[in-house]
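Chain and residue survey
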Amino acid sequence: RLLNNTSAQVSLNFFSSSESKCPAGSFWSGSAQACSLCPVKPSDEHLTFSEEPMELEAQKGQNAEGRVVLSNRDILDASILIKSSPEWAPFTNSTAPGILQGNEHTLHAGESIAFDLLVSTINLEAGLRVQEPITFTVKGSNKTSGFCADSSTEIKFDLSILVIPPPQKNYLSNHIRVVGLAVMVMIILTSLALAIWVIYYRENKVVKSSQPIFLLLICFGTLVMSTAILPLSIDDKIVSDRGCDISCMAMPWLLSVGFVLTFSALFSKILKVNTIVQASLRLDRIQLSLVDVLKPLVALSLINLVLLLIWTLVDPWKWETLAVLGTNKQNTYGACKAEGKASHIFITLILLINFGSLMMTLVQAYKARDIRDSISESKYIAIASVSWLE
């Protein structure tokens with residue numbers, strides 16, 4: 001039913017056009033040639049992220065980089081605007097640079113936009129996974145000609161980063177290293193001083209009866225053993241992994257060679273005394289050359305050298321970084337380890353041989369218990385041997 005208002009100043013128009021003003025909450029639809037209602041919110045089900053959530057990890061104090069791609073799989077365009085992002089994860093780059101300056105970007109149907117992130121862990125707590133959302137505002141399709149600009153929604157994706165605690169290397173402390181090297185220097189200086197004293201007083205009756213050649217071998221053996229402290233004081237804090245590998249095998253070489261020299265010299269020294277005394281008790285005349293007396297020392301030294309050489313070539317100790325038992329992988333320590341089982345065999349053989357030389361020395365010291373100490377020195381040799389057993 002129509003009523004004629006004779007006081008109207010504008011004639012009635014039954015046709016709408018794009019120039020016509022649509023009511024609030026509607027927009028001009030060219031396909032329908034009429035005003036259409038704006039959607040309550042633009043659809044976000046077709047706006048997808050390439051990675052949801054984005055999970056990163058980095059050590060405390062370091063940065064992590066990430067990239068996320070936002071794709072519009074709708075048939076309508078959408079206007080995208082960055083709403084919020086964590087302070088510790090700013091955007092560094094985008095395929096639409098204007099959006100980083102706070103400008104809207106029209107994401108056309110079927111298109112994508114990439115964002116690069118730089119995550120800083122400086123102000124984040126170590127050992128925790130921190131998670132915060134990154135939010136975008138999505139405004140209505142540009143086909144609404146701006147009349148639906150007030151209708152918008154939000155889309156977001158979660159960004160999380162695991163802040164790994166700084167590695168705890170558990171290096172050898174400088175105090176222990178200094179003390180160890182100081183002890184080594186003291187032993188070396190003492191060995192050299194005693195060797196010089198033996199050489200200087202080699203014609204003295206007491207020194208001569210103690211057999212200077214063996215005294216010098218003992219001094220040299222203790223000096224070599226003391227130098228094993230040097231490779232023990234080395235770790236990957238002060239040298240490369242290759243240097244640590246060399247140190248790993250230098251230690252058993254120096255310790256084993258020095259030990260066998262010392263106790264083989266003690267064994268040969270007291271063996272010579274026992275042989276002469278036993279021959280005199282039998283009223284036998286005996287003549288021992290230096291070569292005869294040194295045969296046990298040479299034999300034991302050669303066996304040690306051969307085993308050490310084969311061990312070094314077949315299955316040497318190498319430097320490895322290991323995690324402390326019951327802790328995370330960042331709490332580590334360094335140790336010398338072999339890749340195979342052959343090293344255990346060589347270690348056992350070397351220990352048996354060196355222990356054998358120690359026991360033989362004790363046996364000879366026991367046999368010489370009734371000989372005067374000024375000649376045999378059996379009591380002092382026994383004390384030195386037992387101290388090693390302890």
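Residues numbered from 1 in each chain as written. Predicted model: local features only at pLDDT ≥ 70, side-chain atom pairs only at ≥ 80, totals over all residues. Heavy atoms only, no water.

Check the secondary structure of the chain and you find nine helices and 13 strands. Put simply, the chain has 390 residues, and 37% of those count as buried. When contacts within the chain are restricted to residue pairs at least 6 apart in sequence, long-range pairs at least 24 apart make up 71% of them. In the structure as shown, the chain presents an accessible area of about 23,600 Å², 61% of it carried by carbon and sulfur atoms. (Helix = DSSP H or I, 4+ residues; strand = E, 2+ residues; numbered from the N terminus. Buried < 20%, exposed > 50% of the residue type's maximum accessible area, 1.4 Å probe, protein only. Contact = heavy atoms within 4.5 Å. Areas by Shrake-Rupley, 256 points an atom, 1.4 Å probe, with all protein chains shown as cover.)

One pass over the full model with this rule turns up five salt bridges. One salt bridge in this structure joins Glu203 and Lys208, with 3.5 Å as the shortest N-O distance. Note that Lys318 is salt-bridged to Glu339, the shortest N-O span being 3.9 Å. With Lys318 in strand 12 (residues 318-323) and Glu339 in the loop between strand 13 (332-337) and helix 7 (342-367), this pair connects stretches of sequence that are 21 residues apart. (Salt bridge = Lys/Arg side-chain N within 4 Å of Asp/Glu carboxyl O.)

Let's shift gears to helix 3 (residues 212-226). In this model, helix 3 (15 residues) spans 21 Å end to end at C-alpha, consistent with the 21 Å of a helix rising 1.5 Å per residue. Where burial is concerned, most of helix 3 is hidden: 11 out of the 15 residues are buried. Buried within helix 3 are the following residues: Pro212, Phe214, Leu215, Leu217, Ile218, Cys219, Gly221, Leu223, Val224, Met225 and Ser226. (Expected span 1.5 Å × (residues − 1).)

Moving on to the nonpolar core. Judged by nonpolar contacts, the single largest core of 30 residues is most densely connected at Leu70, Ile80, Phe136, Phe157, Leu159 and Ile161. Of all the secondary-structure elements, those providing two or more residues to this core are strand 3 (47-49), strand 4 (54-59), strand 5 (63-72), strand 6 (78-84), strand 9 (112-120), strand 10 (129-139) and strand 11 (152-164). The leading source of residues in this core is strand 11, at five residues. Leave out the neighbours within four places in its chain, and Ile80 touches Leu47, Leu70, Ile99, Asn103, Glu104, His105, Leu107, Phe136, Thr137 and Val138. (Core = buried A, V, L, I, M, F, W, Y, C linked by side-chain atoms within 4.5 Å.)

It is at 9 Å that the axes of helix 1 (residues 174-200) and helix 3 come closest, and there the two elements cross at 165 degrees. Taken together, the axes of helix 1 and helix 3 are roughly antiparallel relative to one another. Relative to helix 3, helix 1 is oriented so that their crossing is left-handed. Residue-level inspection shows Met184, Ile187, Ile188, Ser191, Leu192, Leu194, Ala195, Val198 and Ile199 of helix 1 in contact with helix 3, the latter providing Pro212, Leu215, Leu216, Cys219, Thr222, Leu223 and Ser226. Taken together, the residues of the contact of helix 1 with helix 3 sort by class into 13 nonpolar, three polar and no charged. (Axes fitted to C-alpha atoms, helices over the stretch in contact; angles between N-to-C directions. Parallel < 35°, antiparallel > 145°, perpendicular 65-115°, else oblique. Left-handed = near helix turned anticlockwise from the far one by under 90°. Nonpolar A, V, L, I, M, F, W, Y, C, P; charged D, E, K, R; others polar.)

A few words now on the sheet that holds strand 3. With antiparallel pairing, the four strands of this open sheet are ordered in space as 3-5-9-7. The open sheet has two edge strands with one neighbour each: strand 3 and strand 7 (91-94). Ignoring strand direction, the axes of neighbouring strands in this sheet form an average angle of 20 degrees. Strand direction decides the pairing type here: strand 7 and strand 9, joined by three bridges, are antiparallel. Considered in strand 9, the bridge of Phe91 is made with Leu117. (Pairing = 2+ DSSP bridges.)

Right, let's get into the sheet that holds strand 11. An order of 4-11-10-6-8 is seen for the five strands of this open sheet, with the pairing classed as mixed. The two strands at the open ends of the sheet, each matched to only one other strand, are strand 4 and strand 8 (105-107). Within the sheet, the average angular offset between the axes of one strand and its neighbour, ignoring direction, is 35 degrees. Bridge analysis of strand 4 against strand 11 gives six bridges, and the strand direction is parallel. Within the sheet, the bridge partner assigned to Met54 lies in strand 11 and is Leu159.

Below, the discussion takes up the packing of aromatic side chains. Tallied over the full model, the rule gives nine aromatic pairs. Considering the side-chain rings of Phe49 and Phe157, the 4.9 Å spacing of their centres and the 50 degrees angle between planes classify their relative orientation as tilted. Highlighted residues: Phe49 in strand 3 and Phe157 in strand 11, separated in sequence by 108 residues. An identical accessibility class is assigned to Phe49 and Phe157; each is buried. Ring geometry for Phe115 and Phe136: centres 5.1 Å apart, planes at 50 degrees, overall tilted. Placement of the pair is Phe115 in strand 9 and Phe136 in strand 10, with a sequence separation of 21 residues. Phe136 shares its class with Phe115; the two are buried. In this structure an aromatic cluster arises from ring pairing among Phe49, Phe91, Phe115, Phe136 and Phe157. (Phe/Tyr/Trp six-rings, centres within 6.5 Å; stacked < 30°, edge-to-face > 60°.)

What follows concerns the pairing of strand 6. Where strand 6 meets strand 8, three bridges bridge the pair, whose relative direction is antiparallel. Across the sheet, the residue bridging to Ala78 is Leu107, located in strand 8. Both strand 6 and strand 10 contribute to a ladder of five bridges, which runs antiparallel. Paired with Ser84 across the bridge in strand 10 is Thr135.

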